[in-house]
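# Commentary on secondary and tertiary structure
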Amino acid sequence: MKRLILLAPLTLFVVLGGYFAIGLTRDPARIPSVLIDRPLPEFDLPPIEGFEKGFASDDLRGEVALINVFGSWCESCVIEHPMLMEIAANEDVLIAGLDWKDPNGGGARWLEKNGNPYALVGDDAQGRTAIDLGVTGAPETFVVDRSGRIRYKHIGPITPQVWRETLKPLVEKLKEEGEASRG
Amino acid sequence: MAAEIGQFALIMALCAALIQGVFPFLGALRRDEGLAAIGRSAALAQGMLIAIAFAGLMVSHAISDFTVVNVVENSHSAKPFAYKLSGVWGNHEGSMLLWALILAGYGAAVAIAGYHQSKSYLTSNALAVQGLVAAAFIAFILFTSNPFARSFPAPADGLDLNPLLQDPGLAIHPPFLYLGYVGFSITFAYAIAGLLQKRVDADWAKTVRPWALAAWVFLTVGIALGSWWAYYELGWGGFWAWDPVENASFMPWLAGTAFLHSVRVVEKRGALKVWTVLLAILAFSLSLIGTFLVRSGVLTSVHAFAVDPARGVFILGILAAVIGGSLTLFAFRAGMLKSEAAFDPVSREGAILLNNVFLVTACGTVFIGTFYPLFVDVVSGERLSVGPPFFNATFLPLMALMLALLAPGAALAWKRAELKASVMRLWPALLAGAAAAVLAAWMTWPKPIAAAFGAGLAIWVVGATLMDVAMRTKSFSLPARDVFARAAGLPRSYVGMTIAHLGIAIVALGVLGAGVWRTESVALMHKGDSIQFGVYTARLIDVEELNGANYVAERAKFAIEKRGRPLGDMAAERRYYPVRGMQTTEAAIRTTIAGDLYLTLGEQASQGAWAVRAYYNPLVLWLWVGAGILAIGGIVAASESSVRAGKRIPAPKGVKAAGAA
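Residues numbered from 1 in each chain as written. Chains lettered and ligands numbered in written order. Predicted model: local features only at pLDDT ≥ 70, side-chain atom pairs only at ≥ 80, totals over all residues. Heavy atoms only, no water.

## Some points on the overall build of chain A
The line we're drawing: Only runs of H or I of at least four residues qualify as helices and only runs of E of at least two qualify as strands under DSSP, and these elements are numbered from the N terminus. Burial classes: relative accessible area under 20% of the type maximum marks a residue as buried, over 50% as exposed, and values in between as partly exposed (1.4 Å probe, protein chains only). Contact definition: two residues touch when any of their heavy atoms are within 4.5 Å. In short, Shrake-Rupley with a 1.4 Å probe defines the accessible areas, and a residue's cover is counted only from the protein chains shown.
Assigned secondary structure in chain A consists of five helices and seven strands. In sequence order, the secondary structure elements of chain A are arranged as α-β-β-β-α-β-α-β-α-β-β-α. Within chain A, buried positions represent 46% of all 183 residues. For chain A, long-range pairs separated by at least 24 residues make up 73% of all intrachain contacts whose partners lie at least 6 apart in sequence. For chain A, the computed accessible surface area is about 9,500 Å², with 55% contributed by carbon and sulfur atoms.

## Remarks on the overall build of chain B
Rule in force here: With the radius of gyration taken over C-alpha atoms, the globule rule is written as 2.2 Å times the number of residues to the power 0.38. In this count, Lys and Arg are taken as positive residues and Asp and Glu as negative ones, while His and the chain termini are left out. We put the charge of a Lys on NZ, of an Arg on CZ, of an Asp on CG and of a Glu on CD.
A count of helices and strands for chain B gives 20 helices and nine strands. For chain B, the C-alpha radius of gyration of 26 Å lies close to 26 Å, the compact-globule estimate for 661 residues. Viewed in the frame of its principal axes, chain B has a C-alpha envelope of about 80 × 75 × 55 Å. Buried positions account for 57% of the 661 residues belonging to chain B. Put simply, 73% of the contacts in chain B that link residues at least 6 apart link residues at least 24 apart. By element, 68% of the accessible surface of chain B is carried by carbon and sulfur atoms, the whole surface being about 26,300 Å². Side chains of chain B give 49 positive and 37 negative charges; the mean places of these two sets differ by 14 Å.

## Section: the pairing of strand β4 (residues 94-100) of chain A
Looking down a regular strand, the side chains alternate between one sheet face and the other. Residues and elements named next belong to chain A. For clarity, the threshold we go by: One requirement defines pairing of two strands: DSSP has to find at least two bridges between them. Whether a crossover is right-handed comes down to one check: with the strands pointing away from the viewer, does the path from the first strand over the helix to the second run clockwise; if it does, it is right-handed.
Counted residue by residue, β4 has seven buried out of seven residues, so it is predominantly covered. Burial along β4 is two-sided: L94, A96, L98 and W100 facing one way and I95, G97 and D99 facing the other are all buried. When strand β3 (residues 65-70) meets β4, the two strands line up parallel, connected through six bridges. Residue A65 lies in a different strand from β4, and its bridge partner there is L94. In this structure, β4 lies alongside strand β5 (residues 120-124), joined through five bridges in parallel fashion. Directly across from G97, in β5, lies its bridge partner V121. At this point the chain moves from β4, through helix α3 (residues 106-114), to the parallel β5, and the crossover so formed is right-handed.

## Description of helix α9 (residues 244-269) of chain B
Residue and element names in this part refer to chain B. Going by this rule: Expected helix span is taken as 1.5 Å per residue step, with the number of steps being one fewer than the number of residues. The definition of a polar contact used here is a pair of N or O atoms within 3.5 Å, where within protein one atom must be able to donate a hydrogen and the other to accept one, and adjacent residues in sequence count solely through side-chain atom pairs.
Between its terminal C-alpha atoms α9 stretches 37 Å, which fits the 38 Å expected from 26 residues at 1.5 Å a residue. Sitting at the amino-terminal end of α9 is D243, which places a side-chain oxygen 2.8 Å from the backbone nitrogen of V245. Looking at the residues trailing α9, positive phi occurs at G270, about 65 degrees.

## Quick notes on a nonpolar patch on the surface
Residue and element names in this part refer to chain B. Inclusion rule: Patch members must show over 30% relative accessible area and no salt bridge, and they are joined within 9 Å when carrying like charges or within 5 Å when they are nonpolar side chains of Val, Leu, Ile, Met, Phe, Trp or Tyr. Any Lys or Arg side-chain nitrogen located within 4 Å of an Asp or Glu carboxyl oxygen qualifies as a salt bridge.
On the surface, a nonpolar cluster with roughly 310 Å² of combined accessible area is contributed by M1, I5 and I52. With respect to the secondary-structure elements, I52 resides in helix α2 (residues 33-62). Taking relative accessible area as the criterion, I52 reaches 38% and is therefore assigned partly exposed.

## Overview of the side chain of T257 of chain B
Among the structural elements, T257 of chain B can be located in helix α9. Using a relative accessible area of 8% as the deciding quantity, one classes T257 of chain B as buried.

## Describing the sheet that holds strand β4 (residues 552-562) of chain B
Residues and elements named next belong to chain B. Heads up, the rule is: Here the axes come from fitting lines to C-alpha atoms, over the contacting stretch only for helices, and the angles between their N-to-C directions go from 0 to 180 degrees.
If you walk across this open sheet you meet the five strands as β2-β3-β4-β5-β6, and the pairing is antiparallel. Every interior strand has two partners, whereas the edge strands, β2 (530-533) and β6 (582-586), have only one. The mean inter-strand angle of the sheet, taken between neighbouring strand axes irrespective of direction, is 25 degrees.

## What about the sheet that holds strand β7 (residues 150-155) of chain A?
Remark on secondary structure: sheet strands pair via backbone hydrogen bonds, oriented parallel or antiparallel. Residues and elements named next belong to chain A. If you walk across this open sheet you meet the five strands as β5-β4-β3-β6-β7, and the pairing is mixed. Looking along the sheet, the strands with just one partner apiece sit at the ends: β5 and β7. Here the strands of the sheet are splayed against their neighbours by 20 degrees on average, with no regard to which way each runs. When strand β6 (residues 140-144) meets β7, the two strands line up antiparallel, connected through five bridges. The residue of β7 that forms the bridge with V144 is I150.

## Let's talk about the pattern of salt bridges
As enumerated under the stated definition, the model contains 23 salt bridges over all chains in all. The salt bridge partner of R61 of chain A is D58 of chain A, with a shortest N-O separation of 3.3 Å. Salt-bridge contacts for R613 of chain B lead to E520 of chain B; the nearest nitrogen and oxygen are separated by 2.8 Å. Placement of R613 of chain B in strand β9 (residues 609-618) and of E520 of chain B in strand β1 (residues 519-525) is noted, with a sequence separation of 93 residues between them.

## Considerations on the packing of aromatic side chains
All names here are of chain B. As a reminder of what qualifies: When the centres of two rings from Phe, Tyr and Trp lie within 6.5 Å, Trp using its six-membered ring, the rings pair. Their planes under 30 degrees apart give stacked, over 60 give edge-to-face, and anything left gives tilted. Ring-over charges, as used throughout, are those where CZ of Arg or NZ of Lys falls within 6 Å of the ring centre and within 35 degrees of the ring normal.
A full pass over the atoms with the stated rule returns 26 aromatic pairs over all chains. Judged by centre distance (5.4 Å) and plane angle (80 degrees), the ring pair of W99 and Y178 falls under edge-to-face. Taken together, the positions of W99 in helix α5 (residues 92-113) and Y178 in helix α7 (residues 168-196) put the pair 79 residues apart, joining distant regions of the chain. For Y178, a relative accessible area of 6% translates into the label buried. Geometrically, the ring pair formed by Y231 and Y598 is tilted, given 5.0 Å between the ring centres and 55 degrees between the ring planes. Pair noted here: Y231 is in helix α8 (residues 202-233) and Y598 is in strand β8 (residues 595-606), with a separation of 367 residues, a long-range link. These aromatic residues form a ring-pair network of at least three members: W216, W240, W242, F250, W253, F390, F391 and F395. Above the plane of the ring of W414 lies R348, whose end atom (NZ or CZ) is 5.0 Å from the centre.

## Considering the domain arrangement of chain B
Residue and element names in this part refer to chain B. As a reminder, the rule being used: For the purposes of this description, domain bounds are those given by an automatic or database domain assignment. When two parts are brought into contact, each loses some accessible area as probed by a 1.4 Å sphere; the total of that loss over both is the buried area. Polarity classes work like this: nonpolar for Ala, Val, Leu, Ile, Met, Phe, Trp, Tyr, Cys and Pro, charged for Asp, Glu, Lys and Arg, and polar for all others, with Gly in that last group.
For chain B, the assigned domains read domain 1 (1-166), domain 2 (197-337 + 347-405), domain 3 (426-514 + 626-661) and domain 4 (519-618). Residue-level contacts link 26 residues of domain 1 with 21 residues of domain 2. Across the domain 1 to domain 2 interface the summed buried area is about 2,000 Å²; carbon plus sulfur atoms make up 72%. In this structure, the connection of domain 1 to domain 2 is made through zero salt bridges. Here domain 1 and domain 2 share zero residue pairs in polar contact (both at pLDDT 80 or more) between them. Listing elements by their share of the side of domain 1 that touches domain 2, those giving two or more residues are α5 and α6 (122-144). For the side of domain 1 that touches domain 2, the class distribution of residues is 16 nonpolar, nine polar and one charged.

## Description of the environment of E33 of chain B
Residues and elements named next belong to chain B. Turning to its location among the elements, E33 is positioned in helix α2. The exposure class assigned to E33 is partly exposed, which follows from its relative accessible area of 46%. Linking E33 and Y121, residues 88 residues apart in sequence, is a C-alpha distance of 8.0 Å.

## What to know about the packing of helix α13 (residues 388-411) of chain B against helix α18 (residues 492-515) of chain B
Residues and elements named next belong to chain B. We apply this condition: Each angle gets one of four labels, with under 35 degrees taken as roughly parallel, over 145 as roughly antiparallel, 65 to 115 as roughly perpendicular, and the rest as oblique. Note on convention: near helix rotated counterclockwise from far helix by under a right angle means a left-handed crossing. Clockwise means right-handed.
Where α13 meets α18, the axes come as close as 12 Å, and the angle between the chain directions of the two elements is 165 degrees. Here α18 runs roughly antiparallel to α13, going by the angle between their axes. The chirality of how α13 crosses α18 is left-handed. Facing L403, L406 and A410 of α13, the residues of α18 in contact are M497, H501, I504 and A508. Of the residues in the contact of α13 with α18, the class split is six nonpolar, one polar and no charged.

Okay, here's the thing in structure tokens:
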């Protein structure tokens, strides 16, 4: 009996160690969005300075779209930007921009300087919509399907590899899905 | 050049650590004292070599040698000089080297202080255990986290240190934490040596206790400094977030505190040996897990500055070897440690055991709260986090119970005591506690009544502890001169314990004040607007832009009034560090003994309007003062052990100083 009690700490450690070992294989940066497979929250954002049209959740109805969260203050967005320009020029997918916490026309000036890949841009100066979307940082990109549900969230800049291996196949799959349900 | 010298010294240190880890065991096996003594020389050599390696990295940072990757990634030529130096341990590689330096430093200190105790092979075996641990950590640094790696071609400038980490509080708190964490390697090493020799007795306890106290004092100061840093630097007005990294330093503290109490029973009564040895293993294991938590990607938080699974696997190997190995040895050997005396449940021993149960349970709840998200992720793949409500609901009641029983427990006699009589003698303190609870409830209404009860408990501890001192010195029956003579004759361990118990009561008051009785207000303010918090009012006078050494900032000036009476100005800042693209808040804090005024400047929400948070944190100063008193208690208690050891064994010069270090 005493021997068993003395073995208890070791046993406990082995069990905990097993959990550690498994936990170590998980990627800590993976923060799944609770909104995955849920409808896009309702919003209607005003245009940013110098633009005529804003960006509302209804604008995306029936489209497979990327919603890209950016800001003129965001350094990684500068890195991501050329990739977005390329997607906008060469691929058949709608890109909407959410200008996050970027008051005083910062976003508009930034797009003027770096080029505008967005079909729609909304001004989320207070960050309300970003909160509804569960945005953890910029840049961040949501993939929305034709029925207006969020299907994927990518945290960090879209690199050519991310686009090629993850986002593009997903966008193509969602388009087919949409066609099938229509037909 | 400095980097090459450092690299070479580090490789040599690994060799020295391996020698230190092997020869004392051989010496003990063959009963050859000369062979065992090699461990001592190796420990001293290892200490010197790591010091050289560390100095090499210091020099590289000091002269901004951008041919060293570590300097490129963690420094910048525009950084203030002091932060260039503290940048040495503000990153993963450097902090691991600091860890190794402290480990080797403790080993060298044991080699010096324990020289005359080496006859029984206890100290030489302990040095060997320590050498093996050191070898594992140095290998970890050399193979996965080399701070001396070169960068070619050398960039023109560095990438700066995280501005959040560019702060005097943070510059000094990791060294203290590490001095605490690593200090428990000595208690661990002695526990293993004791198990190997099947000898855990009063001598063992006397040898270990000063080391455990030293580690505990450093850890106490380290945790307090970390909490203080979070309080004034992170700008959310709180002092403790139950963040995994905070918990990682708190768990060894709880286990170490339990050890300090139970080792006293081993020393005085020859009982609780198995339990005490297990606590020594536990305290160091939790210290290692503390490192593991921060260094690997198992749990992430603001502090986790090294997310790299390869390192994690290496650390996991070290953990498995150290913890698994020691617990295996424990399973087979602990049964051979025989208790020398039985004791009554109502006795000092019984009270200490109860204290241990509370501390270890508290440690367990913190452990569960910290790791539960990881378990859930492994089982179901779900991500969640355990917040302060869990800890407050589980940890705080345990602490309340502990406070309630602390004073009468400490006043009980060894072996067998009379509970009723002990408590009855303390009735004035009980009365004072009850009065304090009622007063606190009346003053803080409608804040939670439980907090007022907690304040009553703290006053009860203070009162009963002071009464015990008064009774021991016969303050109520003897003239002043005799009382002072008796007080001067009290054992240092008793004085230390008394100081520490007063310290913990004061910490409790600080926690209640800053945790429960605080007032918080948030407002969107234009110039000229006022915000009310508690009995204070802050009026925003102006917001100006200014340039710092490596940042630009907005500084808001507030005029403070207390019930309409002006108290002068306070200034809060928001800083932006362009190199890292990071923002920090510099809260405006005015500290008084009654409480802190704490103002932070938020983002400019719209043209000419800023989000401002204002807190009044009552008694928060006492949190740090109490922690300081706790540490002083530990130092006083440690001084007795070395004084006594000096009396028992004629010690050569320098031994006493090393023993108290």
